[in-house]
Amino acid sequence: MKNNIFNNIDVIELTKKMISFDTYAAEGKTEILNYIKDVLSMETSAEVILYNENKENPYLIAHLKTDKPEFTLVLEGHLDVVSPEGMIVAPFNAQENGDVLMGRGAADMKSGCAAMMAAFTAAAKSPERNGDVYLVYTTDEEYASAEILEIMEKRLIPNCDFVMIAEPTNEALCTAHKGNAWVDMEFFGKSAHASTPELGVNSIYMASEFICKYKKYTDELYAKQENVIYGKPTLNVGVVNGGTEPNIVPAYTKVRLDKRYLPGDNIENFIKEIEVVTAECKKKNPQFDSKINIVVDCSAVILDRNNNILKKIKEAIGEKCEFGMFPGWGEGGYINKYGIPVVYFGPGDTKYAHTKDEQCSISQILRVTESYYNIIKKLCLK
């Protein structure tokens, strides 16, 4: 496939251009969206709206309209990136090395965003369309995903028929990912001088007791929940903060837990697990005192692989396309809560995302761009 097959849009040059914007910084997020808006306004007849332009995390929605849409497809991606610190190449100066394109965001997920934009632009040139196509770009997925929540709550995109998100999937159609919940556990003790610890209640010991018991409990529980497709839930104790000075018995400690729960599960079961363990701790130690605070709950995604639209999408991509499970978390978790089917499909391998040598295969970018165009053609073009 030629690099310039999509009219005036060279998808590899577009990817390089997207990488050139420092979208770890707020100003870079606005700059890249203004660039995209200008290109889409020049190359298509789509309605293009830039939201929250003067705020820290702007986002863009482009809408390719038809008079009587028989189908509504949403193509969605995020343009923000993680910190470029420690990269082995200039992070915002994309470099080619054979079939490899390197730079911050090359895998996660500016290559996928470029592929979507090139396919969207090509579809806009078609004289006959029987479906609406939306192109949505957010800029805070790596940190809060507040924009996709705003988009869904304000109904800025309709209850569409299908959403595709261009996270790096190695060209697999990923029909699910685990949920990701963070919970803070607070432990309350009593301060005392370190020379008389018996007069106090050590909150760090309390937290340690909980962590050890919780790990043992969940190791056994999660082993029984393992799924052939989705694997098993995972738990990580990621942050522990407690105490002020070594000569003071610590009165307060906070622990942050990260659980990746299976599709079909929910945060309520996470809380029940914690309550089982805290009850056991309190039974053993009457002074045990804790509180549970939910920090964030990023819902899981699950899509029936017999979904009729998904079958059409797979046909449009080609016989070699395989189903998979996305190993990380994506904004489809929030979209799926509204009953809208979501799938992940994009170029790149997640093993390179957020790394010092972040990269993406150029040939994958080209194939995915063609696949996206074929999907739009099958679902929304006459």
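The structure contained in this document is the topic of the report that follows. (Residues numbered from 1 in each chain as written. Predicted model: local features only at pLDDT ≥ 70, side-chain atom pairs only at ≥ 80, totals over all residues. Heavy atoms only, no water.)

Thoughts on the sheet that holds strand β13 (residues 290–298)
Taken together, four strands build an open sheet; the order of strands is β11-β12-β10-β13 and the sheet is antiparallel. Of all strands in the sheet, those with a lone pairing partner are β11 (234–242) and β13, marking the two edges. Strand-to-strand twist in this sheet, taken as the mean axis angle between neighbours without regard to direction, amounts to 20 degrees. Pairing geometry for strand β10 (residues 179–188) and strand β12 (residues 252–261), over ten bridges, is antiparallel. Among the inter-strand pairings, Phe-188 is bridged to a residue of β12, identified as Tyr-252. Most of the contacts of helix α5 (residues 203–224) go to β12, to which it runs at about 15 degrees, and overall it touches β10, β11 and β12. Along the sheet face, helix α6 (residues 267–284) touches β10, β11, β12 and β13 and points at about 160 degrees away from the line of β13. (Pairing = 2+ DSSP bridges. Helix = DSSP H or I, 4+ residues; strand = E, 2+ residues; numbered from the N terminus. Axes fitted to C-alpha atoms, helices over the stretch in contact; angles between N-to-C directions. Contact = heavy atoms within 4.5 Å.)

Quick look at the environment of Asp-10
Within the secondary structure, Asp-10 sits in the segment before α1 (11–20). A polar atom in the side chain of Asp-10 sits 3.1 Å from the backbone nitrogen of Ile-12. (Polar contact = N/O pair within 3.5 Å; in protein donor to acceptor, adjacent residues only side chain to side chain.)

Let's talk about the packing of aromatic side chains
Think of a pair of aromatic rings as described by two things: how far the centres are apart, and how the planes are tilted against each other in angle. Per the counting criterion, the structure on display carries nine aromatic pairs. Between Phe-187 and Phe-210, the ring centres sit 5.6 Å apart and the planes meet at 50 degrees, which makes this aromatic pair tilted. Of this pair, Phe-187 sits in strand β10 while Phe-210 sits in helix α5, placing them 23 residues apart in sequence. Taking the relative accessible area as the measure of exposure, Phe-187 reaches 0% and is therefore buried. Taking the centre distance of 5.8 Å and the plane angle of 50 degrees together, the rings of Phe-188 and Tyr-252 count as tilted. (Phe/Tyr/Trp six-rings, centres within 6.5 Å; stacked < 30°, edge-to-face > 60°. Buried < 20%, exposed > 50% of the residue type's maximum accessible area, 1.4 Å probe, protein only.)

Quick word on the sheet that holds strand β4 (residues 95–97)
With antiparallel pairing, the three strands of this open sheet are ordered in space as β4-β5-β17. In the strand order of this sheet, the two ends are held by β4 and β17 (359–361), each with one partner. Neighbouring strand axes in the sheet, compared pairwise and without regard to direction, differ in orientation by 25 degrees on average. Inspection of the sheet shows strand β5 (residues 100–102) paired to β17 by three bridges, in the antiparallel sense. Bridged to Leu-101 within β17 is Cys-360. Helix α3 (residues 106–124) contacts β5 and β17 of the sheet and is inclined by roughly 45 degrees relative to β17. Along the sheet face, helix α9 (residues 362–380) touches β4, β5 and β17 and points at about 60 degrees away from the line of β17.

Thoughts on unusual backbone geometry
Geometrically, the link from Asp-108 to Met-109 is a cis peptide bond, its omega value of -10 degrees lying close to zero. Tracing the chain through its elements places Met-109 in helix α3. Even without being a glycine, Ser-145 presents a positive backbone phi close to 60 degrees. Mapped onto the fold, Ser-145 is located in the loop between β6 (132–138) and α4 (146–153). We note that Arg-155 has phi near 55 degrees; this positive angle belongs to a residue other than glycine. Within the secondary structure, Arg-155 is located in the loop between α4 and β7 (162–165). Residue class for Arg-155 comes out exposed when judged on its relative accessible area of 51%.

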